[in-house]
Amino acid sequence: MALYSASNTLGGTQQALSTSYKTLLALTAATATLTGARLFDVTLGADGTPADNVLTYDISRQTAAGTSTAVTPTQLDLQARAAGTVGAANFTAEGTITAASSVLSITANQRATYRWVTQPELGFVIPATNLAGFAVRAKSPAYTGTAVATGLFLE
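Residue numbers run consecutively from 1 along every chain, following the written order of its sequence. For this predicted model, a pLDDT threshold of at least 70 governs which residues receive local features, and a threshold of 80 or more governs which side-chain atom pairs are given and counted, while totals over whole chains, interfaces and linings are taken from all residues. Calculated side-chain values reflect all of the structure's heavy atoms, with hydrogen atoms and water omitted.

(A) Expanded view of the environment of alanine 29. Along the chain, alanine 29 turns up in strand β2 (residues 22–29). A 1.4 Å probe rolled over the protein chains alone gives each residue an accessible area, and that area as a share of the maximum for its type sets the label: buried under 20%, exposed over 50%, partly exposed in between. The class of alanine 29 is buried, set by a relative accessible area of 0%. For this analysis, residues touch if any pair of their heavy atoms sits within 4.5 Å. Sequence-distant contacts of alanine 29, that is, excluding residues within four places in its chain, are made with Leu34, Thr35, Val86, Ile126, Pro127, Ala128, Thr129, Asn130, Leu131 and Ala132. Numbering of helices and strands runs from the N terminus, with a helix taken as a DSSP run of H or I at least four residues long and a strand as a DSSP run of E at least two residues long.

Below, the structure is given as structure tokens:
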């Protein structure tokens, strides 16, 4: 089993947040490899000018791709093969999010960085099903800057 990392800072133009969810990062099964994975560590934070605004972060199931920039997950073990999971970042058109599928929802002050972590074997399962996986999203009623999402996963 190998470990990988992906972030919306790896490619594309970060999109400004609004009152509707904006997908920062998605991790899904690739058409060619259909590799299953487990998302076990997510770090979230605003990277704009500090202020006292609320941000809501969400991790939900995604079943179809939107318009985004492809990002190549970084191998954390250089002896492992390239990731079979697809990374997508900085969505300009949202993918299909499964209704009522939020597995983690967090509200935080803009000045705070939030990290969710569990044992790799207990992470959220990305099934070996084409384009199935998770979207890491954010929204805010007042903050219109950008945010960063980094996910670590195990294949």
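(B) Structural view of the pattern of salt bridges. Every case where a carboxyl oxygen of Asp or Glu lies within 4 Å of a side-chain nitrogen of Lys or Arg is listed as a salt bridge. Under the counting rule described, the total for this entry stands at four salt bridges. As a salt-bridge pair, aspartate 52 and arginine 111 come within 3.0 Å of each other at their nearest N and O atoms. One end of the pair, aspartate 52, is in the loop between β3 (37–46) and β4 (54–64); the other, arginine 111, is in the loop between β8 (96–109) and β9 (113–117), and 59 residues separate them in sequence. Arginine 137 serves as the salt-bridge partner of aspartate 58, at 2.9 Å between the closest nitrogen and oxygen. Taken together, the residues aspartate 58 in strand β4 and arginine 137 in strand β11 (residues 133–139) connect sequence positions 79 residues apart. Using a relative accessible area of 12% as the deciding quantity, one classes arginine 137 as buried.

(C) Examining the packing of aromatic side chains more closely. Paired rings are identified among Phe, Tyr and Trp, the last through its six-membered ring, by centres lying within 6.5 Å, and are further divided according to the angle between planes into stacked (under 30 degrees), edge-to-face (over 60) and tilted (the rest). Applying the stated criterion across every chain, the model contains three aromatic pairs. With a centroid separation of 5.4 Å and 20° between ring planes, the pair formed by tyrosine 4 and phenylalanine 153 is classed as stacked. Remark: phenylalanine 153 occurs in strand β12 (residues 147–154) and tyrosine 4 occurs in strand β1 (residues 3–7); sequence separation between them is 149 residues. No difference in accessibility class separates tyrosine 4 from phenylalanine 153, as the two residues are buried. Both rings, one in phenylalanine 124 and one in phenylalanine 134, keep their centres 5.8 Å apart while their planes meet at 40°; by these two values the pair is tilted.

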